[in-house]
Amino acid sequence: MNIESKLPDVGTTIFTVMSRLAQEHNAINLSQGFPDFDVNPELIDLVAKYMRAGQNQYAPMQGVPALRQAIAEKTGALYGASVGPETEVTVTSGATEALHCAISAVVRPGDEVIIFEPAFDSYVPAVSLNHGIPVYITLTFPDYRIDWDQVHKALSPKTRLIILNSPHNPTGMILQPEDMTALARVVGDQKIFIIGDEVYEHIIFDNVVHESLLRYPDLSSKSFVISSFGKTYHTTGWKIGYCIAPEALSTEFRKVHQFLTFASNTPIQYAYAEIMQKKELYLNLASFYQQKRDQFQALLKPSRFKALPCRGTYFQMLDYSAITDEPNEIFARRLTTEFGVAAIPPSVFYHNQDDNHVLRFCFAKKDQTLKEAAEILCKI
Ligand code: PMP
Ligand code: GLN
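Residues numbered from 1 in each chain as written. Chains lettered and ligands numbered in written order. Predicted model: local features only at pLDDT ≥ 70, side-chain atom pairs only at ≥ 80, totals over all residues. Heavy atoms only, no water.

Asker: Tell me about the pairing of strand E12 (residues 358-362), and name the residues and values.
Answerer: The element E12 is largely enclosed, with a buried count of five among its five residues. Here E12 shows two buried faces, one formed by Val 358, Arg 360 and Cys 362 and the other by Leu 359 and Phe 361. Here five bridges tie strand E10 (residues 315-319) to E12, and the two strands are oriented antiparallel to one another. Within E12, the residue paired with Asp 319 across the bridge is Val 358. (Buried < 20%, exposed > 50% of the residue type's maximum accessible area, 1.4 Å probe, protein only. Helix = DSSP H or I, 4+ residues; strand = E, 2+ residues; numbered from the N terminus. Pairing = 2+ DSSP bridges.)

Written out as structure tokens, the structure reads:
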């Protein structure tokens, strides 16, 4: 039976495509963003402990209270925001679910949603399923900054939502205090919601402070701030994230969440609540990944790839224009199949496939993996 697609422009996500290609060709996989090193054994023991203690049935719909409490405490300590764990924090099955819930909670047919490109690939399909209209703004190349005049011009009476992502996947860009000022000025007192995709909040380099929306009461009063434990604890496969939003927004968010997944994995939530007490684990993440960024960049110095600035996340953009003028999708494929290193072609994150002859490489890898990949890249 034929089916008229609700997402006619959507194929299989690039992360699945490139990871599969890497596997088929036995290539070093620096494409999809996930660590290749082990999870903290203490965290695994904690999950086992809670499983053995019988925490194996449905969690509360909003999330385990101890975890919501820990999230609220962390948010207060880091960003100075007073967040109510009962009414303003919701635990989800990954940030992807939280993004979907937040978008579904606010976007109505015909509403416009400002999306900065390159954009993480789950935003637009969620907008489209809700019959919203994406309004695209391109981050300036090669520094990937937001042109706020352009944002101002893009706003219309139909603008309902702005989706921000900092630290930014795939570019490693971070929002700066002047961006937050510009955002506040552009939005003013209009009824426009904001999503802050802050899943890399703890992976930010060179002693720069993460500009969470939660630091700005005027902005956080209209925002859904989303994070992911997968990035922070090297557990991308466990799929637990959360959303912080004012009570009225959280209420609508939860209406979607409760009928999308109802609740998220119970023993893992308890384990995260306990390990979050060891603050050094998330506070030291930045220096852990900064060392990897610096190592990867140093290893590539002799190569013909040119590293663009990376201020956060575990992704490094490399300009390959000194090697070839091939389109990035073709070069990414050839790099995997002929040379044995897989990367992501960022053109897939633009609605019109902008191609700046750069590729995205994930450096959340063992030192040895980075060394082996760099050896290959230096010969190209
Ligand atoms: N947003 C961004 C920018 C991401 O890089 C990711 C990682 N996949 C997500 C959201 C989704 O996070 P999760 O794996 O927790 O669903
Ligand atoms: N966030 C990861 C990345 O950007 C992967 C996400 C996914 O596979 N859905 O590579």
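Asker: Before we move on, could you go through the side chain of Lys 365 and cite the residues and values that matter?
Answerer: Following the sequence through the fold, Lys 365 ends up in the loop between E12 and helix H15 (367-378). Lacking a salt bridge, the buried Lys 365 has Asp 36 as its closest oppositely charged neighbour, with an N-O distance of 5.5 Å. Residues contacting Lys 365, with those up to four places away along its chain left out, are Asn 29, Leu 30, Gln 32, Phe 34, Pro 35, Asp 36, Phe 37, Lys 292 and Leu 370. (Lys, Arg positive; Asp, Glu negative; His and termini not counted. Salt bridge = Lys/Arg side-chain N within 4 Å of Asp/Glu carboxyl O. Contact = heavy atoms within 4.5 Å.)

Asker: So what's going on with helix H13 (residues 285-300)? Which residues, and what values?
Answerer: Given a rise of 1.5 Å per residue, 16 residues ought to cover 22 Å, and the 23 Å separating the end C-alpha atoms of H13 matches this to within 8%. Within H13, burial applies to Leu 285, Ala 286, Tyr 289, Lys 292, Arg 293, Gln 295, Phe 296 and Leu 300. Looking at the buried positions of H13, the neighbouring elements they touch are helix H9 (229-232), helix H12 (279-283), E10, E12 and H15. (Expected span 1.5 Å × (residues − 1).)

Asker: Quick rundown of the site of ligand 2? Include the residues and the values.
Answerer: Taken together, Phe 15, Gln 32, Gly 33, Phe 120, Asn 169, Tyr 200, Lys 231, Phe 315 and Arg 360 form the complete shell of residues around ligand 2. Asn 169 is positioned with one of its side-chain polar atoms (N or O) 2.8 Å from an oxygen atom of ligand 2. Taking Arg 360, its side chain carries an N or O atom lying 2.7 Å from an oxygen atom of ligand 2. Alone, ligand 2 offers 290 Å² of accessible surface; in the complex the protein occludes 78% of this. Split by residue class, the shell around ligand 2 holds four nonpolar, three polar and two charged. (Near = heavy atom within 4 Å. Polar contact = N/O pair within 3.5 Å; in protein donor to acceptor, adjacent residues only side chain to side chain. Areas by Shrake-Rupley, 256 points an atom, 1.4 Å probe, with all protein chains shown as cover. Nonpolar A, V, L, I, M, F, W, Y, C, P; charged D, E, K, R; others polar.)

Asker: Summarise the pattern of salt bridges; cite the residues concerned and give the values.
Answerer: Where side chains of opposite charge bring their charged atoms close, a pairing between them can arise. Summed over all chains, the structure comprises 13 salt bridges. The partner of Glu 42 in a salt bridge is Lys 278, and the shortest N-O contact between them spans 2.7 Å. Remark: Lys 278 occurs in the loop between helix H11 (266-275) and H12 and Glu 42 occurs in helix H2 (residues 41-52); sequence separation between them is 236 residues. A residue is classified by how much of its surface remains accessible, and Glu 42, at 33% relative accessible area, is partly exposed. Between Asp 294 and Arg 293 there is a salt bridge; the shortest N-O distance is 3.0 Å. The exposure class of Arg 293 is buried, given its relative accessible area of 9%. A network of salt bridges, in which partner residues are shared, links Arg 108, Asp 111 and Arg 160.

Asker: Give a detailed account of the site of ligand 1, specifying residues and quantitative values.
Answerer: Close contacts around ligand 1 come from 13 residues, with Thr 96, Asp 197, Tyr 200, Lys 231 and Lys 239 the closest. In this structure, an oxygen atom belonging to ligand 1 sits 2.8 Å away from a main-chain N or O atom of Ala 95. Ser 228 places a polar side-chain atom, nitrogen or oxygen, 2.7 Å from an oxygen atom of ligand 1. A total of 390 Å² of accessible area belongs to ligand 1 in isolation, and the protein chains cover 91% of it.

Asker: Residue-level account of the sheet that holds strand E6 (residues 193-197), with values.
Answerer: The mixed open sheet is built from seven strands, whose spatial order is E2-E8-E7-E6-E5-E3-E4. The strands lining the two open edges of the sheet, one partner per strand, are strand E2 (89-92) and strand E4 (133-138). Direction aside, neighbouring strands of the sheet carry axes that sit 20° apart on average. Judged from the four bridges that link them, strand E3 (residues 112-117) and strand E5 (residues 159-165) form a sheet pairing that is parallel. Residue pairing for E5: Val 113 is matched across the bridge by Leu 161. With respect to the sheet, helix H3 (residues 65-79) is in contact with E2 and strand E8 (241-244), its orientation differing from that of E2 by roughly 120°. (Axes fitted to C-alpha atoms, helices over the stretch in contact; angles between N-to-C directions.)

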